[in-house]
Structures are given as structure tokens and as C-alpha cells.
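# Structure at a glance
One letter stands for each residue in the lines below.
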Amino acid sequence: MRGTWKLRLRMILTTIIMFTIVYFLVMLVGWYLGVTSWMLYMGVSLVMVFLQYWFGPSLVKRSMNVRPLSEAEAPHIHQMVQELADAAGVPKPEVGLSEINIPNAFAYGRSSRSGHIAITRPILGLLDRDELRAVLGHEMGHIKHNDMAVTAAVSVIPMICYYIALSFMFSGDSRNGGGIIIGILGYVFYLIGQLLVLFISRTREYYADEASVEFGNRPAALVSALYKLSYGAARCDKETIAELNTNRAFFVNDVNNARNDITDFRQIDFDGDGKISDDELRRLVTSGVKISKKNGIMELLSTHPDSLKRVKRLGELEN
């Protein structure tokens, strides 16, 4: 397995860039309001990021309706999580059950020593044991890499930029156009911040996939699970998907793109049985399956990598 130094470097650089953005924007707001202390700008910026980092896990737990899943309720899941934690070299995460209607799983927490893994109720019975273990291994990868804390911390910055943009663009207080300029810059920074958050979100998924394999799971089992989860999400109504839109980066796959993902997975489901076997995944590596330019462009606006690109990387691990 390749090391994770590139992931760490990208997370560090993204954090620095995002903090610089919010610091600069807060500084402009302070200048506009007549506040000149740079220490105040630094303090406000740090407090914003820290609050998201500290309260982020609680917000995720509440918004995803997570409750503790006892070992008596699901001994097999706790056993798998313990095995994976041992393989990852991290303390066993808390296991939770999310009462939402989309089959999926996600990880959250402030660090690898205070991690949480939650599964949604519909995932039970949808995946077989190998597929479920591969998904849990993917989430354990996020905890080992500690990327969920970084994602939670930086994801608040684009929203800060967005609210500053709205406040100044439509405040009616022009002051020689200064307020409008701050509003425009805030919106530009919001767009840049969103692209950076999406970039780091996609990057961390590749590493979590590889971690799942490193922890002893078959690449084909994870691909098959992604296939089934896409079908599960595609069957959900639009209202349910919309309610979870802000948290979709935490899921194993992008639930917003489920229907397109199904089309991609069907290209490699050569026998049409709704699962991906080891042989089918090996065939993918040497097949003529192509990733369209449209999908490549749309990937830039997605929280997760293009499904075929993601599967091809897993196929290389199979070999």
C-alpha cells in the first residue's frame, strides 16, 4: 500500500489556504467596520474554525439521528469493528445506528482516538458480510487517517464566506462601494472554498478505499457494496436525499449521484447479477471501459470520485 503522506500534505495545505481565506475576509470586514487589530482578526478566525472542529461531531450525530448501537443488538458488527480497529492500530470506535432511510455508513469524530462509526438501518440486510466489512473498513480508514476532523473543520469556512457575501452585497450600505466589493470577494472565496472542500473530500475517499483493502478486505467486496448502495440511494425519494445533502460528504458514496453511478457500475457487471465479483473487477482493468469527459467535469462538483475511476483504482489493488 502507498503511504498517506500525500493525503496529509493535501490536508495541511488545504487547511492553510482555507484559514488564510477566512482570515483575509474577516480582516476586510474589520477594516470596513473600523477595527484595525490584527490579533482580533486572528482570534475570530481561530475561534470560528475551532468551534466547528469541537462541535462538529455533535452536529453530525444530531443531524444524522445517530444513537448508540449496543453489542447485544449487533455482536457481528462490533466484532468486525474490533477486528478492523486492531488492523488499523487505533482504539475501537464507538458504534452507532443512524435512523435515516438511505443505506450507507459514515465516520466522524475529533481524532482517531475519539472516532465514531455509524451505519444506517437500511444497510442491514442489503449487504452481505464481506461487503459490510469492506464498508466498515473504509470508514475505519477515515478514522485512521483522521481526515474526517479536518473535513469538518474546513467545511465551515465556505459557509462563513457565503454569509459574509450575502450580508454585504445586500446590506444597502455602500460606503463608496466597499461593502459591495467585500460581498463579491466573499462570494468568490465561497466558490474557491467549496472547490477545495470537494477536492479534499474526493482525495480522502481514495485513501479510505485503499485502507479497507489494507485491513484485509477484498477490493471486489467494496465495489459490490458501492454498487448496492447506489441502488439503495436511487430508490429513495428526492426529499430524503435533499435533507441529507449537507452531510453527503460523510457517506461512502455520493447519494446525489446514485443514478449515474448505477449506469457506470452496470458497465462492469458483466453477468448482470447486481454484484461485482473478483473476476469482473480484474476484467475491468484490461477492458475498454472509458470515463467520459462529462463525468470528469462533473467530478469537480462532487464530494466523491467518479465511480469508474474509483473502481479502476480498486481493480489495480485486486491484481
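Quantities reported herein were computed from a predicted structural model and do not represent experimental measurements.

Right, let's get into the overall build of the chain. Check the secondary structure of the chain and you find 13 helices and four strands. Taken against the 2.2 N^0.38 rule, which gives 20 Å for 319 residues, the C-alpha radius of gyration of the chain at 21 Å falls within 12% of a compact globule. In terms of overall dimensions, the chain has C-alpha extents of about 65 × 45 × 40 Å along its principal axes. Sorting the 319 residues of the chain into buried and exposed places 51% on the buried side. Long-range contacts, defined as pairs at least 24 residues apart, comprise 73% of the intrachain contacts of the chain with a sequence gap of at least 6. If you sum the accessible surface of the chain, you get close to 15100 Å²; carbon and sulfur atoms cover 59% of it.

Of the volumes computed, that of the largest pocket is approximately 630 Å³. Secondary-structure elements contributing two or more residues to the lining of the largest pocket are helix 2 (38–63), helix 5 (147–154), helix 6 (156–169) and helix 7 (178–214). Per-element tally for the lining of the largest pocket: the top contributor is helix 2, with five residues. Here the residues of the lining of the largest pocket sort into nine nonpolar, ten polar and one charged.

Here we come to the packing of aromatic side chains. Aromatic ring pairs are reported here in terms of the distance separating the ring centres and the angle at which the planes meet. Overall, the coordinates contain twelve aromatic pairs when judged by the stated rule. Measuring from ring centre to ring centre gives 5.9 Å for Phe50 and Trp54, while their planes differ by 20 degrees; the resulting arrangement is stacked. Linking Phe50 with Trp54, this pair stays in helix 2, spanning four residues, or about one helical turn. With relative accessibility at 39%, the residue Trp54 sits in the partly exposed group. Site record: aromatic cluster; members linked through ring pairs are Tyr162, Tyr163, Tyr187 and Tyr190. Here Arg283 stacks its cationic end above the ring of Phe270, 3.9 Å away from the centre of that ring.

A few words on empty space enclosed by the protein. The tally for this structure, following the rule as stated, stands at two cavities of 30 Å³ or more. What the largest cavity holds in volume is close to 50 Å³. As for the largest cavity, its lining consists of Tyr53, Gly56, Pro57, Val60, Tyr108, Gly109, Arg110, Met148, Ala149, Ala152 and Phe250. Mapped onto the lining of the largest cavity, the elements with two or more residues apiece are helix 2, strand 3 (105–109) and helix 5. In terms of residue count, helix 2 provides more of the lining of the largest cavity than any other element does, four residues in total. Taken together, the residues of the lining of the largest cavity break down into eight nonpolar, two polar and one charged.

Definitions and limits used
- Residues numbered from 1 in each chain as written.
- Predicted model: local features only at pLDDT ≥ 70, side-chain atom pairs only at ≥ 80, totals over all residues.
- Heavy atoms only, no water.
- Helix = DSSP H or I, 4+ residues; strand = E, 2+ residues; numbered from the N terminus.
- Rg over C-alpha atoms; globule rule 2.2 N^0.38 Å.
- Buried < 20%, exposed > 50% of the residue type's maximum accessible area, 1.4 Å probe, protein only.
- Contact = heavy atoms within 4.5 Å.
- Areas by Shrake-Rupley, 256 points an atom, 1.4 Å probe, with all protein chains shown as cover.
- 1 Å grid on protein atoms, 1.4 Å probe; cavity = no way out; pocket = protein on both sides within 12 Å on 5 of 7 lines; lining within 4 Å.
- Points joined across faces, edges and corners; volume = space filled by probe spheres on them.
- Nonpolar A, V, L, I, M, F, W, Y, C, P; charged D, E, K, R; others polar.
- Phe/Tyr/Trp six-rings, centres within 6.5 Å; stacked < 30°, edge-to-face > 60°.
- Lys NZ or Arg CZ within 6 Å of the ring centre and 35° of its normal.

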